[in-house]
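One-letter residues, chain by chain:
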Amino acid sequence: GLALIDGDGVVQGNPLQLRLGQACVADLHVHMSGKQVMSPAVHKRIPAMAHFDIIKNIVADDEVAGAVFASFSLNVIERELEKIVEEGQQITVISADGQEVAAVNKLDTDYFVQDYSLPIPDTDWALQAKVNESGLNTLLLSLGMVNAVSFLLILVVLYFFARRMIRIFSKDFEMVSQLLDTVNSQQEIEQQVSPSELKETENIIQGIRGIAGEIADYQQRLVSVSNTDELTGLANRRSFYQQIEQYIGLSNRGEEVVVVMLDLDFFKQANDRYGHAVGDMILKHLSRVMQSNIRSTDFCARLGGDEFVLLLVKCNEQQTQSWFEKLLQEFKQAQVEDELIPGEKPCCELSAGFTCVQAGDDMNSILERADKALYEAKSQGRGNIQFVSGS
């Protein structure tokens, strides 16, 4: 059996595939809870799978981050005993609860027998020996060899196994960290991720990658929702506040940038008279017409209610006037063609005010001038556009 356990005592992988029985898993939970477990634990409920377990903590930054688990057949101990037990001797390894771990018997019962017992350091096990009187000196040497050879072998195997496992899982944790960093920075997740060297953790890595991808998709959706007006599909006020700083930067580098404030004329009356469903359609018509009359370098947003704002690049005063007149005609025509109300007249027209972004401007000063220009348009009888300079 071979497994990695996290800090919560959860086996990484399928316990059955990793050859961990219920008793092994129970010992792991006790160990990770900080309670004392017989070491090494012996499980002989199924004779064909009799084994003992070794659990080694993995420590990172002076804290237990998990544990490495390994189980070995009891035949490992028995084979080592076979190498050193001579004629006239019997050596038995006994666990703390009195179970026989392994034994080799080469006694001659016709001779007088002496009994000896010796604890095995760093374990709860003990060596029990019986020896014919003539083989006593050989036994004393054998006891030391059992202790040295058997457990040195186990410790060496566990040492190299632990080093390899730590290297593999360090690599896997680094991949997980990179995936989470990608999600945190809202970058696109690479389609290919280096596979793990372990089949059990490969499934975990790919699962984390899938979850990270879903989180990244949700983040993108959240960003889109938070920056979009639900009714019209245009950018909202929050998005406009983010974008205008970039357009101010363009102006500072010599580009012509115009800010246009739009407002529907008599929109409240249309809402009250024909209902909010008609009012929503009017707003959608205006949004569609605006989108069809701007370039990829321009930007439009709904600030709220019937108030809209546009950022136009490389557009001077005369061009903005012409642009508005075309927009107004298309907007009125869209309402008539859709037959929102009986008759041939549109429900609403537009008033607009605009200003040019100048050196030293900030967002508040720009919006204040554009709003002032819009107020002038309303005062001039609506259905027109007015300009306020920054001088």
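Residues numbered from 1 in each chain as written. Predicted model: local features only at pLDDT ≥ 70, side-chain atom pairs only at ≥ 80, totals over all residues. Heavy atoms only, no water.

(A) Geometry of the overall build of the chain. Of the regular secondary structure elements, the chain holds 9 helices and 13 strands. Looking at the chain as a whole, 43% of its 391 residues qualify as buried. A fraction of 59% describes how many contacts in the chain between residues 6 or more apart in sequence connect residues 24 or more apart. By element, 50% of the accessible surface of the chain is carried by carbon and sulfur atoms, the whole surface being about 22,100 Å². (Helix = DSSP H or I, 4+ residues; strand = E, 2+ residues; numbered from the N terminus. Buried < 20%, exposed > 50% of the residue type's maximum accessible area, 1.4 Å probe, protein only. Contact = heavy atoms within 4.5 Å. Areas by Shrake-Rupley, 256 points an atom, 1.4 Å probe, with all protein chains shown as cover.)

(B) Expanded view of the packing of aromatic side chains. Per the stated rule, a full pass over the model turns up 4 aromatic pairs. With 5.7 Å between their ring centres and 25° between their planes, Phe 52 and Phe 72 make a pair best called stacked. Remark: Phe 72 occurs in strand β4 (residues 63-73) and Phe 52 occurs in strand β3 (residues 51-60); sequence separation between them is 20 residues. The exposure classification of Phe 52 matches that of Phe 72, with both residues buried. (Phe/Tyr/Trp six-rings, centres within 6.5 Å; stacked < 30°, edge-to-face > 60°.)

(C) Fine view of the environment of Asn 252. Mapped onto the fold, Asn 252 is located in helix α5 (residues 237-252). Separated by 107 residues in the primary sequence, Asn 252 and Ala 359 have C-alpha atoms spaced 5.9 Å apart. Every residue in contact with Asn 252, bar those within four places of it in the chain, is listed here: Ala 359 and Gly 360.

(D) Seen up close, the sheet that holds strand β12 (residues 349-356). What the 5 strands build is an open sheet, ordered β10-β11-β9-β12-β13; its pairing is mixed. Two strands close off the open sheet at either side, each with one partner strand: β10 (299-304) and β13 (385-387). Neighbour-to-neighbour, the strand axes of the sheet open up by a mean angle of 20°, direction not taken into account. Of the pairings in the sheet, the one linking strand β9 (residues 257-265) to β12 comprises 8 bridges and is antiparallel in character. (Pairing = 2+ DSSP bridges. Axes fitted to C-alpha atoms, helices over the stretch in contact; angles between N-to-C directions.)

(E) Quick peek at the side chain of Ser 351. Turning to its location among the elements, Ser 351 is positioned in strand β12. Within the structure, Ser 351 has its side chain in polar contact with the backbone nitrogen of Gly 383 (distance 3.3 Å). In contact with Ser 351, not counting residues within four places along its chain, are Met 261, Leu 262, Asp 263, Asp 265, Leu 374, Ala 377, Lys 378, Arg 382, Gly 383 and Asn 384. (Polar contact = N/O pair within 3.5 Å; in protein donor to acceptor, adjacent residues only side chain to side chain.)

(F) Structural view of the state of the cysteines. Per the stated rule, a full pass over the model turns up 0 disulfides. A disulfide-free cysteine, Cys 347 has its sulfur positioned 5.9 Å from the sulfur of Cys 348, the nearest such atom. A relative accessible area of 15% means that Cys 347 is categorised as buried. (Disulfide = S-S within 2.5 Å.)

(G) Spatial organisation of the pattern of salt bridges. Applying the stated criterion across every chain yields a total of 9 salt bridges. For Lys 378, the salt bridge goes to Asp 263, with nearest N and O atoms at 2.9 Å. On the criterion of sequence distance, the pair formed by Lys 378 in helix α9 (residues 363-379) and Asp 263 in strand β9 is long-range, its members being 115 residues apart. Judged by relative accessible area, Asp 263 falls into the buried class, the value being 15%. Through salt bridges with shared partners, one network takes in Asp 263, Asp 265 and Lys 378. (Salt bridge = Lys/Arg side-chain N within 4 Å of Asp/Glu carboxyl O.)

(H) Structural context of helix α2 (residues 75-84). If you check which residues of α2 are buried, you get Val 76, Ile 77, Glu 80, Leu 81 and Ile 84. The arc enclosing the buried residues of α2, seen along the axis, measures out at 135°, which places them on a common side. (Arc of directions from axis to C-beta.)

(I) Region of interest: the sheet that holds strand β2 (residues 41-43). With antiparallel pairing, 4 strands are arranged side by side in an open sheet as β1-β4-β3-β2. Of all the strands in the sheet, just β1 (2-6) and β2 have a single pairing partner and so form its edges. Across this sheet, the average inter-strand angle for adjacent strands is 25°, counted without regard to direction.

(J) Looking closely at unusual backbone geometry. Even without glycine at this site, Phe 266 takes up a positive phi of about 60°. Mapping Phe 266 onto the fold places it in the loop between β9 and α6 (267-274). With a relative accessible area of 43%, Phe 266 lands in the partly exposed category. One non-glycine residue, Arg 382, lies in positive phi territory at about 70°. Take Arg 382: it is sitting in the loop between α9 and β13. You can call Arg 382 partly exposed: its relative accessible area is 34%.

Function cannot be inferred from these measures alone, as they are strictly geometric.
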